Amino acid sequence: MVVAAMMATVSVNAQEEMPMNEIAVAYGGGSSTDLISSIGKGMFTGKQLDYWGPISLEYFHRLTNINRLGLGAVFVLGGCKWDDSSDAKSTYITIMPAFKYNWSVRKIVSWYSKAAIGLTFHSESGLTKSTSKNDDASTTFNFQATFVGVEVGGALRGFAELGVGEQGIILAGIRYKF
C-alpha cells in the first residue's frame, strides 16, 4: 500500500504543469559599460552626467518540466550625458543570449544563477575632442554573470540579483512566469 501511495504521488507530481516561460523587466546599477565609459571617456570628454540604465528586458524558456535550466535572451539599454556640451550623449544597446539555472526551486522563493554573453552597440554624439565635434559608433563584446539571484512570489515575482557585467552589479525587477 505504501508503494502504491508513492506511485500515485509521483504520478500526480509528474502531471503538474510548471511555467515554461518567463519575461522580466529590471533596473540595475554599476554596469560594465557605465564603469568603463565613465573612466575611459571621462579622461577625454569631461565628467559623465545623468547616467540612466541599465534597463533590462529578459525572456527565458525552461527546457524541462522540473523548472531548473532555461535558455533565453537579455536586452539592455543605457545611456548618459557628458558635461562638456549640452548635446553630448552616449547610448548603449546590448543583446545577449543567456542561460539561467535555478538551483533551489520552491513554491514562493527560488534561488538561481545566470550567465550571458553578447554584443553592445555604442552610439556617441556631440562629444568634443579639442574644438571639433565627434560622432562615433562601435560594437564590443559584453557579458553578465549573476552569481546569486532570488525571486519571491507566485506567477508574478519580484527579484534581486548580485553579479557583474552589463546588467550591473546589483539588479532588481519584476518577473512573470507563464
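The paragraphs below set out a description of the structure included in this document. Note on numbering: residues in each chain are counted from 1, in written sequence order. Per-residue local features of the predicted model are confined to residues with pLDDT of at least 70, and side-chain atom pairs are confined, for both listing and counting, to 80 or more; whole-chain, interface and lining totals are unaffected and use all residues. With hydrogens and water excluded, all non-hydrogen atoms of the structure serve as input to the side-chain values.

### Some words on the side chain of Ser31
Next, step 1: With respect to the secondary-structure elements, Ser31 resides in the loop between strand 1 (21-29) and helix 2 (32-45).
Next, step 2: Ser31 sits in the buried class, given a relative accessible area of 0%.
Next, step 3: Whether two residues are in contact is decided by their heavy atoms: any pair within 4.5 Å suffices. When sequence neighbours within four positions are dropped, the list of residues in contact with Ser31 reads Tyr51, Pro54, Gly165, Glu166 and Gly168. The secondary structure listing takes helices from DSSP runs of H or I that are at least 4 residues long and strands from runs of E that are at least 2 residues long, numbered from the N terminus. Note on exposure labels: buried denotes an accessible area under 20% of the residue type's maximum, exposed denotes more than 50%, and partly exposed covers the range between, all computed with a 1.4 Å probe on protein chains only.

### What to know about the nonpolar core
Next, step 1: Each nonpolar core is a collection of buried residues, namely Ala, Val, Leu, Ile, Met, Phe, Trp, Tyr and Cys, held together in the definition by side-chain atoms within 4.5 Å. Listed in full, the 6 residues of the largest apolar core are Phe60, Val74, Val76, Met96, Ala98 and Ala116.
Next, step 2: Once you skip the residues sitting within four places of it in the chain, Val74 turns out to touch Leu57, Glu58, Thr94, Ile95, Met96, Ala98 and Gln167.
Next, step 3: One finds Ala24, Ala26, Phe159 and Leu171 within the second-largest nonpolar core, a separate group that totals 5 residues.

### A short note on the packing of aromatic side chains
Next, step 1: To pair, rings of Phe, Tyr and Trp, with the six-membered ring standing in for Trp, must have centres within 6.5 Å; the planes then decide the type, stacked if under 30 degrees apart, edge-to-face if over 60, and tilted in the middle. Counting across every chain of the model gives 2 aromatic pairs.
Next, step 2: Aromatic side chains Tyr176 and Phe178 sit 5.8 Å apart centroid to centroid with 15 degrees between the ring planes, which places their arrangement in the stacked category.
Next, step 3: Between Lys100 and the ring centre of Tyr112, over which it is positioned, the NZ or CZ distance is 4.2 Å. As a reminder, the over-ring test applies to NZ of lysine and CZ of arginine, requiring each to be within 6 Å of the ring centre and within 35 degrees of the ring normal.

### Quick notes on the pairing of strand 8 (residues 170-177)
Next, step 1: Residues of strand 8 alternate between two faces, with Leu171, Gly173, Arg175 and Lys177 buried on one and Ile170, Ala172, Ile174 and Tyr176 left unburied on the opposite face.
Next, step 2: Where strand 1 lies against strand 8, 8 bridges are found, and the strand directions are antiparallel. Each residue of the ladder has a partner; that of Tyr27, found in strand 8, is Ala172.
Next, step 3: Pairing of strand 7 (residues 156-165) with strand 8, which is carried by 7 bridges, proceeds in the antiparallel orientation. Note on strand 8: the bridge partner recorded for Ala160 is Ala172.
Next, step 4: One requirement defines pairing of two strands: DSSP has to find at least two bridges between them. Counted along the chain from strand 7 to the antiparallel partner strand 8, the turn is 4 residues long, and its residue Gly168 has a positive phi close to 115 degrees.

### Re unusual backbone geometry
Next, step 1: Cis peptide bonds are those with omega within 30 degrees of zero, and the linkage from Gly53 to Pro54 qualifies with 5 degrees.
Next, step 2: When you line up the elements, Pro54 lands in strand 2 (residues 48-62).

### Re the environment of Gly168
Next, step 1: Within the fold, Gly168 resides in the loop between strand 7 and strand 8.
Next, step 2: Residue Gly168 is classed as buried on the basis of its relative accessible area, which comes to 2%.
Next, step 3: Beyond its immediate stretch of four places on either side in the chain, Gly168 contacts Gly29, Gly30, Ser31, Pro54, Gln144 and Gly163.

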